[in-house]
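Observations on the three-dimensional arrangement
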Amino acid sequence: MNKKKKPFLGMPAPLGYVPGLGRGATGFTTRSDIGPARDANDPVDDRHAPPGKRTVGDQMKKSQAADDDDEDLNDTNYDEFNGYAGSLFSSGPYEKDDEEADAIYAALDKRMDERRKERREQREKEEIEKYRMERPKIQQQFSDLKRKLAEVTEEEWLSIPEVGDARNKRQRNPRYEKLTPVPDSFFAKHLQTGENHTSVDPRQTQFGGLNTPYPGGLNTPYPGGMTPGLMTPGTGELDMRKIGQARNTLMDMRLSQVSDSVSGQTVVDPKGYLTDLNSMIPTHGGDINDIKKARLLLKSVRETNPHHPPAWIASARLEEVTGKLQVARNLIMKGTEMCPKSEDVWLEAARLQPGDTAKAVVAQAVRHLPQSVRIYIRAAELETDIRAKKRVLRKALEHVPNSVRLWKAAVELEEPEDARIMLSRAVECCPTSVELWLALARLETYENARKVLNKARENIPTDRHIWITAAKLEEANGNTQMVEKIIDRAITSLRANGVEINREQWIQCVAHNALECARAIYAYALQVFPSKKSVWLRAAYFEKNHGTRESLEALLQRAVAHCPKAEVLWLMGAKSKWLAGDVPAARSILALAFQANPNSEEIWLAAVKLESENNEYERARRLLAKARSSAPTARVFMKSVKLEWVLGNLVAAQELCEEALKHYEDFPKLWMMKGQIEEQEELVEKAREAYNQGLKKCPHSTPLWLLLSRLEEKVGQLTRARAILEKSRLKNPKNPGLWLESVRLEYRAGLKNIASTLMAKALQECPNSGVLWSEAIFLEARPQRKTKSVDALKKCEHDPHVLLAVAKLFWSERKITKAREWFHRTVKIDSDLGDAWAFFYKFELQHGTEEQREEVRRRCENAEPRHGELWCATSKDIANWQRKIGEILVLVAARIKNTF
């Protein structure tokens, strides 16, 4: 025990020892140092202390006063400009001269305050009134309602319910409810078991008991007694088909609302499906600090220049955007007081004010601006009654009789007879308005219309539209021989008045419904511009659509005489002869074209096509040989290879392909044809080698990547095909075709989850690709397809692939009418998409009449589609190389299976 005892215990502390200094426990005060805490009312220790110092609180007050009396002369209390913060002489004696000085200063302050008192009080009063106008109290807002309380009777007052929480306990204390979907078997089980009724229905007793005269019977609660709603009669089971229809009704309504057809072109609402949520969007998206800065800036502008109208308009619109409509109205009305001659301020005030108030504002505006057309138009728009609108516009015409806009607005409200009378007065007041003259001519009879147009030409001799209208008038009344005369006179008159009409203006004058007038205009335009190929082309297309074959050929003969270098005109003439069955004439036209355009690739290929289509294969071979020697282009070599390929001469085709690749190794179609020929001969290794060599020369050719991938998939090398597509996507980013093939590869392999993941990545990289969206719609399960179609329409509202997918979606749901509407929209937007025509034709084969099928086929033949995945796969097949458009349409429709 002695060994464990510390040696320093019991010994005195060394000199200078401070307890706790070694561990840093110094510099603080404990309760033991200052004694126990004492209350302010406790007596002091001195029993003989004088009054005022007998408690602890008294002594603390005395010591604090003494501290306050001491002047604080520290450097922290000193400022270079103001000196010390406190009074340096506060402790000095307050003498009589000090009192006199303070009195003088006080008198001066009082005098100065009285001089500014009236102005200050007036300014404060105005500020208070302005503040209360901008921010009225709740008491002022409800003052009119409080005045109506005088009309409340005692019974009505007593019938007012007491304030309290009338909700039940579950509503006052809401809890999270767990909802579990019930399977269909639950309903079926309970429907079969049924329940017992303990009372008789009064409706049953009307017919003497439980038996009723209705064949269904009301004898039992469920079987046979349910009306045809969600229960099927007589079975007691749920009709799940009708439940599905009810679930899809909302989406059907949305799809119907997102589209409309205007002047033959489909217009899909780009916002479409979320327009009902517009009211939930915040009215302004800016930072609140930016709004405050803008408000201060506009206030400064108004105060600096109160007669500047844009400042008041901008201020009112700022308050309107931030939701303070009443403040905006007050501001704009203040603006009308400051700028009474500003048309824009009055119109903005009328826009912001409600109904009757807006009318009063417009009436006030008319008194200040009696010549403003826009204010009169706004006043007419505010009126809801037609007679009131007419009255406003007629009053406006009294003040502004030379306004074309007012006359047009007034005439639109009148009946035809009254409109004719008003227009006769309008052309007197506005003799230089072409629109009013033409409108009057349309309402008059034939004889009077001629007189009106003659007067119009006298008043406006420089306008060509009046002459064109006169020509249309003569044609509409059967005077076709006058049309050309009128056009000639028009040219003479316009030139005499110094009017020069260029080529585009002539083409714009062409009237599609007045054929003779249009033909006369084209004839004169061709006289003025005989060497312009575009005018000849438009005239040729006009004759092709509205004229006869003879008129078209005659026009083309004149065209090639004036424009011999225009290859397209020669080709149109040759094609017209060929379609009419006159092959020798087509050959002669192409021969003349060769003379005018030696070594022209288009004419060489047209001649080859003419011979091959008429089974003149040897002549076609000779033409291609000459073309290869005189005009060796990649397309000429490609057509040479294809001719030998379709005729079955694979060896000659391969030799030509090798020769072509020596000259044009960067032309991807030659590599494709070489690989496909090898693949047709089942030489897989050679085909793979051809595709790989082609991709080295043409790494950006999407069809080459697809052919190589499909070749590997065909021989069972799924991993290699996947790697090829990944490599292709790295070299060609944002390529929808490659992404689509990757998705389909996984889907064909049965890996639907991977396909869905790839589709999500594809849509992230190519968010506006209609091909990907159309595929994504049918990757979804049936209940989610409509939602996906809405998303697709939002991203690609005018894409034909998306519209075609929506049409197929309606077709799969057996909504025949809607499907037909969407098919029509698809082929209107892109008539070159062969797949759309094929699906449309297949649809009409199943659900349409013979006339509807023939209509689709005829329109397809006129459109001559060239693109589309299924269409190209059939039209470019070697076995179908001589098929017409209508035959290809039937073949593609036969390949389509209703598996979507």
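Because the structure is predicted, anything quoted here is derived from the model rather than measured.

Describing the overall build of the chain
- Each helix and strand counted, the chain has 47 helices and four strands in total.
- The 900 residues of the chain split such that 34% are buried.
- Residue pairs in contact within the chain that sit at least 24 positions apart in sequence constitute 49% of those at least 6 positions apart.
- Entry remark: accessible area of the chain is about 57,900 Å², with carbon and sulfur atoms responsible for 52%.

Quick word on a positive patch on the surface
- A contiguous patch of positive charge on the surface is contributed by Arg111, Arg115, Arg116, Arg119 and Arg123.
- Here arginine 111 is to be found in helix α3 (residues 96-134).

Topic: the packing of helix α32 (residues 634-646) against helix α34 (residues 668-680)
- The contact between α32 and α34 brings their axes to 10 Å, and the two run at 15 degrees. With respect to α34, the axis of α32 lies roughly parallel. Between α32 and α34 lies a crossing of left-handed hand. Side by side, α32 and α34 meet where Met638, Val641, Lys642 and Trp645 of the first sit next to Lys669, Leu670, Met673, Gln676, Ile677 and Gln680 of the second.
- Here the residues of the contact of α32 with α34 sort into six nonpolar, two polar and two charged.

So, the nonpolar core
- The biggest cluster of nonpolar side chains holds 51 residues, and the ones touching the most others in it are Ile332, Ile375, Leu406, Trp407, Leu436 and Ile466.
- What leucine 406 contacts, discounting residues up to four positions off in sequence, is Val373, Tyr376, Ile377, Leu393, Ala396, Leu397 and Val400.
- Grouped together as the second largest cluster of nonpolar side chains are 46 residues, Ala762, Val806, Ala807 and Trp871 included.

Some words on the pattern of salt bridges
- On inspection of all chains with the given rule, the structure shows 36 salt bridges.
- Arginine 120 is the salt-bridge partner of glutamate 124, the closest N and O atoms lying 4.0 Å from each other. Of this pair, glutamate 124 and arginine 120 both sit in helix α3, four residues apart, which is roughly one turn of the helix.
- A salt bridge links arginine 853 to glutamate 850, with the nearest nitrogen and oxygen atoms 2.9 Å apart. Linking arginine 853 with glutamate 850, this pair stays in helix α45 (residues 850-863), spanning three residues, or about one helical turn.
- Residues participating in the shared-partner salt-bridge network are Arg317, Glu320, Glu348 and Arg351.

Considering the environment of alanine 805
- Structurally, alanine 805 can be placed in helix α42 (residues 800-812).
- Separated by 16 residues in sequence, alanine 805 and serine 789 place their C-alpha atoms 8.0 Å apart.
- In this structure alanine 805 touches Ser774, Ile777 and Phe778, once residues within four positions along its chain are discounted.

Notes on a negative patch on the surface
- On the surface, Glu95, Asp97, Asp98, Glu99, Glu100 and Asp102 cluster together into a negatively charged patch.
- Locating glutamate 99 in the fold gives a position in helix α3.

Thoughts on helix α19 (residues 416-429)
- End to end, α19 covers 20 Å across 14 residues, agreeing with the expected 20 Å (1.5 Å per residue, within 8%).
- Every buried residue belonging to α19 is among Ala419, Met422, Leu423, Ala426 and Val427, and all of these are buried. Angular distribution of buried residues about the axis of α19 spans 140 degrees; they occupy a single face of the element.
- Elements that come into contact with the buried residues of α19 comprise α17 (386-399), α18 (404-412) and α20 (434-443).

Some points on the packing of aromatic side chains
- For the structure on display, the rule yields seven aromatic pairs.
- On the basis of an interplanar angle of 55 degrees and a centroid distance of 6.0 Å, the ring pair of phenylalanine 637 and tyrosine 664 is categorised as tilted. Here phenylalanine 637 is found in helix α32, whereas its partner tyrosine 664 is found in the loop between α33 (650-663) and α34, with 27 residues between them in sequence.
- With 5.3 Å between their ring centres and 40 degrees between their planes, phenylalanine 823 and phenylalanine 843 make a pair best called tilted. Separated by 20 residues along the polypeptide, phenylalanine 823 in helix α43 (residues 816-829) and phenylalanine 843 in helix α44 (residues 834-847) bring together distant segments of the chain.
- Its relative accessible area of 0% is what places phenylalanine 843 among the buried residues.
- Cluster of aromatic residues (ring-pair linked, three or more members): Trp811, Phe823, Phe840 and Phe843.
- Note that arginine 729 overlies the ring of tryptophan 739, its terminal NZ or CZ placed 4.3 Å from the centroid.
- Lying over the aromatic face of tryptophan 822, arginine 825 brings its terminal NZ or CZ to 4.9 Å of the ring centre.

Describing a nonpolar patch on the surface
- A surface patch of nonpolar side chains, about 520 Å² in accessible area, is lined by Leu149, Val152, Trp157, Leu158 and Ile160.
- Relative accessible area serves as the criterion here: at 47%, leucine 149 is assigned to the partly exposed category.

Structural notes on α43
- With 14 residues, α43 extends 20 Å from end C-alpha to end C-alpha; this agrees with the ideal 20 Å at 1.5 Å per step.
- When α43 is considered as a whole, its buried residues turn out to be Ala819, Arg820, Trp822, Phe823, Arg825, Thr826 and Val827.

As for the packing of helix α14 (residues 343-352) against helix α16 (residues 373-382)
- Close contact between α14 and α16 brings their axes to 10 Å; oriented N to C, the two are set at 10 degrees. Considering their axes alone, α14 and α16 lie roughly parallel with respect to each other. Together, Glu343, Asp344, Trp346, Leu347, Ala350 and Arg351 of α14 and Val373, Arg374, Ile375 and Arg378 of α16 make up the contact between the two elements.
- When the residues that make up the contact of α14 with α16 are grouped by side-chain class, the tally is five nonpolar, no polar and five charged.

Focus: the side chain of glutamate 844
- Here glutamate 844 lies in helix α44.
- Residue classification places glutamate 844 among the buried positions, given a relative accessible area of 1%.
- Setting aside anything within four residues of it in sequence, one finds glutamate 844 in contact with Arg820, Gln852, Arg853 and Val856.

Calculation rules
Residues numbered from 1 in each chain as written. Predicted model: local features only at pLDDT ≥ 70, side-chain atom pairs only at ≥ 80, totals over all residues. Heavy atoms only, no water. Helix = DSSP H or I, 4+ residues; strand = E, 2+ residues; numbered from the N terminus. Buried < 20%, exposed > 50% of the residue type's maximum accessible area, 1.4 Å probe, protein only. Contact = heavy atoms within 4.5 Å. Areas by Shrake-Rupley, 256 points an atom, 1.4 Å probe, with all protein chains shown as cover. Patch = residues over 30% accessible without salt bridge, like charges linked within 9 Å, V, L, I, M, F, W, Y side chains within 5 Å. Salt bridge = Lys/Arg side-chain N within 4 Å of Asp/Glu carboxyl O. Lys, Arg positive; Asp, Glu negative; His and termini not counted. Charge placed at Lys NZ, Arg CZ, Asp CG, Glu CD. Axes fitted to C-alpha atoms, helices over the stretch in contact; angles between N-to-C directions. Parallel < 35°, antiparallel > 145°, perpendicular 65-115°, else oblique. Left-handed = near helix turned anticlockwise from the far one by under 90°. Nonpolar A, V, L, I, M, F, W, Y, C, P; charged D, E, K, R; others polar. Core = buried A, V, L, I, M, F, W, Y, C linked by side-chain atoms within 4.5 Å. Expected span 1.5 Å × (residues − 1). Arc of directions from axis to C-beta. Phe/Tyr/Trp six-rings, centres within 6.5 Å; stacked < 30°, edge-to-face > 60°. Lys NZ or Arg CZ within 6 Å of the ring centre and 35° of its normal.

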